Amino acid sequence: MFPRIGRRRLLEYAAAALSLAAVPGAALAQTAVQRPPRQAATDEFSVTTPVSIEVNARPLPSFDTRDRSRTRFGELEYRSGLVLTSRFRGFGGLSGLRLDAKGERFIAISDKAGWFTGRIVYKGREMVGLDDVEASPILGPDGKPITSRRWFDTEALALDGPLVYVGLERVNQVLRFDFTTSFTHAHGEPIALPPAARRLPYNKGIEALVVVPRGNQPLAGTLIAISERGLDAQGNILGFLIGGKSPGQFAVRRTDDFDVSDAVVLPSGGLLVLERKFSWIGGVGIRIRRIALSSIAPGALIDGPAIFNADLGHEIDNMEGIDAHVTPEGDTVLTLVSDDNFSIIQRNLLLQFTLVE
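Heads up: these notes are all about the structure in this document. Everything quoted here is computed from the prediction, not taken from an experiment.

Two strands pair when backbone bridges link them, and strand β17 (residues 259-265) and strand β18 (residues 271-279) are joined in this way by six bridges, in the antiparallel orientation. Looking at the pairing, valine 265 lines up with leucine 271 of β18. In this antiparallel pair of consecutive strands, β17 and β18, the connection spans five residues, and glycine 269 shows a positive phi of 100°.

Structure (structure tokens):
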């Protein structure tokens, strides 16, 4: 009889298998762009038509599985969390999340090229569920779902007023949508990217997008794009400044084998970068680094301190999205979402923390 294996150990094994499967391609991809394998236009997890769905939420009263009373983790304080499930087969793979100024209405993307919109329901300061959830296919320039072009792996999401930017990792494209009149029925148009961004390694392309708010800072109005693990000659992660006053290329110092999964500009200024890693010894881990916006410029190598670390002793999964909002009480709240890869051994998590500044 095989020994009983827990969910966390299964997650480690799954991550290990995915890591091993990716090694040969990842090594080659640093020197050559590989031809992506052909994929089916749609599968059972694709959103093919707009539909209202029901999402169930199970609360996570604590974040540390080893000490349920603990609430402080680095510069973050745990507020609440949810495990999200749905009978709708297309719900999952959540790779990007943006909230309104109140932290209530949300828009999210699935890596199967689907939009999810809805509202977070609160009881006091704690999340208790999702409501008004709708799913829609992401549409391309021709008005057809982008999966018809075999475009998927939609991994990055940024908002600039009514303009929405979505990064497609495996084909190294960024689509811009104008939600002014047709919301998630808008047609995406590819934007011009630097040549180096179009040559990012297969499946290690653009993973984080943020638009710097308009104001007096030098990067105002700039779209910042950061790759998951497109590396420069020194082994640091490539990033790009698109549009704005000073377009160009920069790098994020890569340390401790972490890869980038998302980023957010804080309401008070500054950039938070969400990262994740896997190792045989340490298993799965995530961290958040704080980086000064003033340090980002063409040719720069940027770095910053880790303000949060977590491993499989905490309620984490494949954390791929981060956003921030400020409560009426003045608290800066970070919201994190995970991508379950449509796997029965992974979870769609929605976590919230107060940033202790």
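Below, the discussion takes up the environment of valine 174. Position of valine 174 relative to the elements: it lies in strand β11 (residues 173-178). Linking valine 174 and proline 190, residues 16 residues apart in sequence, is a C-alpha distance of 5.6 Å. Contacts of valine 174, omitting those with residues within four sequence positions, involve Tyr165, Val166, Gly167, Glu189, Pro190, Ile191, Leu193, Ile206, Leu209 and Leu223.

Once that is clear, we can look at the layout of surface pockets. For the second largest pocket, the calculated volume is near 430 Å³. Looking at the second largest pocket, it is lined by 22 residues, and the ones nearest its centre are Leu99, Leu159, Val265, Asp323 and Ala324. Elements represented by at least two residues in the lining of the second largest pocket include exactly β5 (94-99), β9 (154-160), β13 (206-211), β17 and β22 (319-326). Of all the elements, β22 adds the most residues to the lining of the second largest pocket, at four residues. Partitioned by chemical class, the residues of the lining of the second largest pocket number 15 nonpolar, two polar and five charged.

Before going further, it helps to spend a moment on the sheet that holds strand β21 (residues 306-311). The strand order across the open sheet formed by four strands is β17-β18-β19-β21, and the pairing between neighbours is antiparallel. Each edge of the open sheet is held by one strand with a lone partner, namely β17 and β21. On average, each strand axis in the sheet is inclined to that of its neighbour by 15°, with strand direction left out of account. Across five bridges, strand β19 (residues 283-291) lies against β21 in antiparallel orientation. Bridge pairing in β21 places isoleucine 286 opposite alanine 310.

Here the focus is the sheet that holds β13. The five strands are arranged β13-β14-β15-β16-β20 in an open sheet whose pairing can be described as mixed. Bordering the open sheet on either side are β13 and β20 (301-302), each of which pairs with just one other strand. When strand β16 (residues 248-252) meets β20, the two strands line up parallel, connected through two bridges. When the sheet's bridge partners are listed, alanine 251 is paired in β20 with leucine 301.

Applying the stated criterion across every chain yields a total of eleven aromatic pairs. With a centroid separation of 4.5 Å and 25° between ring planes, the pair formed by phenylalanine 45 and phenylalanine 342 is classed as stacked. With phenylalanine 45 in the loop between α1 (7-29) and β1 (51-52) and phenylalanine 342 in the loop between β23 (332-338) and β24 (348-355), this residue pair connects regions lying 297 residues apart in the sequence. Its relative accessible area of 16% is what places phenylalanine 342 among the buried residues. Ring geometry for tryptophan 115 against phenylalanine 177: centres 5.1 Å apart, planes inclined by 80°, an arrangement best described as edge-to-face. Placement of the pair is tryptophan 115 in strand β7 (residues 114-123) and phenylalanine 177 in strand β11, with a sequence separation of 62 residues. Judged by its relative accessible area of 0%, phenylalanine 177 is buried. Taken together, the aromatic side chains of Phe63, Phe73, Tyr78, Phe308 and Phe353 make up a single cluster linked through ring pairs.

Each value, and the rule that gives it
- Residues numbered from 1 in each chain as written.
- Predicted model: local features only at pLDDT ≥ 70, side-chain atom pairs only at ≥ 80, totals over all residues.
- Heavy atoms only, no water.
- Pairing = 2+ DSSP bridges.
- Helix = DSSP H or I, 4+ residues; strand = E, 2+ residues; numbered from the N terminus.
- Contact = heavy atoms within 4.5 Å.
- 1 Å grid on protein atoms, 1.4 Å probe; cavity = no way out; pocket = protein on both sides within 12 Å on 5 of 7 lines; lining within 4 Å.
- Points joined across faces, edges and corners; volume = space filled by probe spheres on them.
- Nonpolar A, V, L, I, M, F, W, Y, C, P; charged D, E, K, R; others polar.
- Axes fitted to C-alpha atoms, helices over the stretch in contact; angles between N-to-C directions.
- Phe/Tyr/Trp six-rings, centres within 6.5 Å; stacked < 30°, edge-to-face > 60°.
- Buried < 20%, exposed > 50% of the residue type's maximum accessible area, 1.4 Å probe, protein only.

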